[in-house]
Amino acid sequence: MISEEAKYSAAQAFATIFSQLGYRVYLGGGGAATVWSGPRPVKDLDFKMGQRLKADWKDEAKRKTITDSLFSNLTKLGYRIQLDNLSSKKQLQYVLRLKIIDRLSDFRVKRTTAKLHKNVVTELGIEISLTSSGVYEETSQREVNVGPALFVRPVDVTQLVLDKVFVFAQRAMSEMPKMLTDFEDLSALLDKHQFVVLTELKRVTQETNLLSVRNEGYLSAAKREKQWHQKITGEVRRRIGLLKPELRNPPPWRPTQDPALRAAEAKFMIERVEKFLVILDQYLPDVT
């Protein structure tokens, strides 16, 4: 297992390189959820582009200059690019995916192969993605308390909560483990930051970037799926109902939790999210 500190060190390195190039990137997904609310371990690092980077990324020549500088600087910092999608025929223009190996920390483990029955060295990589979805602007820097002072710039907590709602509603029903993780993150964020989120939602209207851009994005996704006939919040409620039996089980990162305590916790998690959906209904138009 790669330590949380090592993952956030990689996140800081990635963001710092972009900052030196004059761009802002924001940590989103599970990494940002852990920064804001914890305690779930980070699996990979999902970054979102700031507005200036998004504009330059559209230009193929500028994009190549940016990625060349990124790769060069990661190498200087002791990372090795194990995998990227830049040469893939299926490459999406506005998505960069990397898997990097930290050579300085020498993340290698020994495992026994089934065929040879002997230990071989396996390298542990850190997966990083950078996407242009959403509208992300300035947000405060937040310290990640994982040993030495490491700083990352996460997506604003209100934006992150909205992202989690929409991603949860769009997950394929076959992705039950990911849906459970999304729900855990959403509930934890609301538990610690509900007042901030609700205050922000009351301040904005459907015409602001915070909500309208996401709605437009998911309208497009709905057309692709051809099965989007409910409001986003209605779909979330339906999925919560399907998840209820699974939510009673402790998550993988808390396997020793008492089942009775977990059942009570799950009940409050569901109530917390459902109350938030009632408020969110006031801000989201019908998606048909």
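Residues numbered from 1 in each chain as written. Predicted model: local features only at pLDDT ≥ 70, side-chain atom pairs only at ≥ 80, totals over all residues. Heavy atoms only, no water.

### Regarding the overall build of the protein
Part 1: Looking only at helices and strands, the protein features 9 helices and 9 strands.
Part 2: Residues counted as buried form 45% of the 288 residues belonging to the protein.
Part 3: When contacts within the protein are restricted to residue pairs at least 6 apart in sequence, those whose partners lie at least 24 apart make up 70%.
Part 4: Accessible surface, the protein as shown: approximately 15,400 Å² in total, 52% of it carbon and sulfur. (Helix = DSSP H or I, 4+ residues; strand = E, 2+ residues; numbered from the N terminus. Buried < 20%, exposed > 50% of the residue type's maximum accessible area, 1.4 Å probe, protein only. Contact = heavy atoms within 4.5 Å. Areas by Shrake-Rupley, 256 points an atom, 1.4 Å probe, with all protein chains shown as cover.)

### Quick look at the packing of helix H2 (residues 29-36) against helix H5 (residues 157-170)
Pairs of packed helices are described in terms of their axes, by the angle between the two and the distance that separates them.
Part 1: Packing of H2 against H5 leaves a shortest axis separation of 11 Å and a crossing angle of 130°. In terms of orientation, H2 and H5 fall into the oblique class. Crossing of H2 over H5 shows left-handed handedness. The segment H2 lies against H5, with Gly 29, Gly 30, Ala 32, Ala 33 and Trp 36 engaging Val 157, Leu 160 and Lys 164.
Part 2: A breakdown of the residues in the contact of H2 with H5 according to their chemical character gives 5 nonpolar, 2 polar and 1 charged. (Axes fitted to C-alpha atoms, helices over the stretch in contact; angles between N-to-C directions. Parallel < 35°, antiparallel > 145°, perpendicular 65-115°, else oblique. Left-handed = near helix turned anticlockwise from the far one by under 90°. Nonpolar A, V, L, I, M, F, W, Y, C, P; charged D, E, K, R; others polar.)

### Concerning helix H9 (residues 259-280)
Part 1: With 22 residues, H9 should reach 32 Å at 1.5 Å per residue; the first-to-last C-alpha distance of 31 Å fits that figure.
Part 2: Listing the buried residues of H9 in full gives Arg 262, Ala 263, Ala 266, Met 269, Ile 270, Val 273, Phe 276, Leu 277 and Leu 280. For H9, the angular spread of the buried residues around the axis is 155°, confining them to a single face. In H9, the exposed residues that point more than 90 degrees away from the buried face are Ala 260, Leu 261, Phe 268 and Lys 275.
Part 3: Residues of H9 that are buried sit in contact with H5, helix H6 (176-203) and helix H8 (232-247).
Part 4: Its side-chain oxygen at 3.1 Å from the backbone nitrogen of Ala 260, Asp 258 defines the N-terminal cap of H9. (Expected span 1.5 Å × (residues − 1). Arc of directions from axis to C-beta. Polar contact = N/O pair within 3.5 Å; in protein donor to acceptor, adjacent residues only side chain to side chain.)

### As for the pairing of strand S1 (residues 25-28)
Part 1: Neither face of S1 is exposed, since Val 25 and Leu 27 on one face and Tyr 26 and Gly 28 on the opposite face are all buried.
Part 2: Sheet topology places S1 next to strand S2 (residues 45-50); 4 bridges connect them, and they run antiparallel. Its bridge partner lying in S2, Gly 28 is registered against Asp 46. (Pairing = 2+ DSSP bridges.)

### Description of the confidence of the model for the protein
When pLDDT is low, close inspection of the predicted coordinates is not appropriate.
Part 1: Per-residue confidence for the protein gives a mean pLDDT of 80; residues scoring 70 or more make up 73%.
Part 2: Across the protein, element-level confidence peaks in H9 with a mean pLDDT of 93 and bottoms out in strand S5 (residues 108-112) with 51. (pLDDT = per-residue confidence, 0-100.)

### Focus: the side chain of Ser 37
Part 1: For Ser 37, the location among the structural elements is in the loop between H2 and S2.
Part 2: Among residues more than four places away in sequence, those in contact with Ser 37 are Ala 188, Leu 189, Lys 192 and His 193.

### Digging into the pairing of strand S4 (residues 95-102)
Taken residue by residue, a regular strand's side chains alternate between the two faces of the sheet.
Part 1: Across the 8 residues that make up S4, a large majority, 6, are buried.
Part 2: The sheet contact formed by strand S3 (residues 79-84) and S4 spans 5 bridges and is antiparallel. Each bridged residue has a counterpart across the sheet, and for Leu 83 the counterpart in S4 is Lys 99.

### Quick look at the packing of H8 against H9
Part 1: Between H8 and H9, whose axes approach to 11 Å, the crossing angle comes to 180°. By the criterion of interaxial angle, the relationship of H8 to H9 is roughly antiparallel. Side by side, H8 and H9 meet where Thr 233, Val 236, Arg 237, Ile 240, Lys 244 and Leu 247 of the first sit next to Arg 262, Ala 266, Met 269, Ile 270, Val 273, Glu 274, Leu 277, Val 278 and Leu 280 of the second.
Part 2: Its residues assigned to classes, the contact of H8 with H9 comprises 10 nonpolar, 1 polar and 4 charged.

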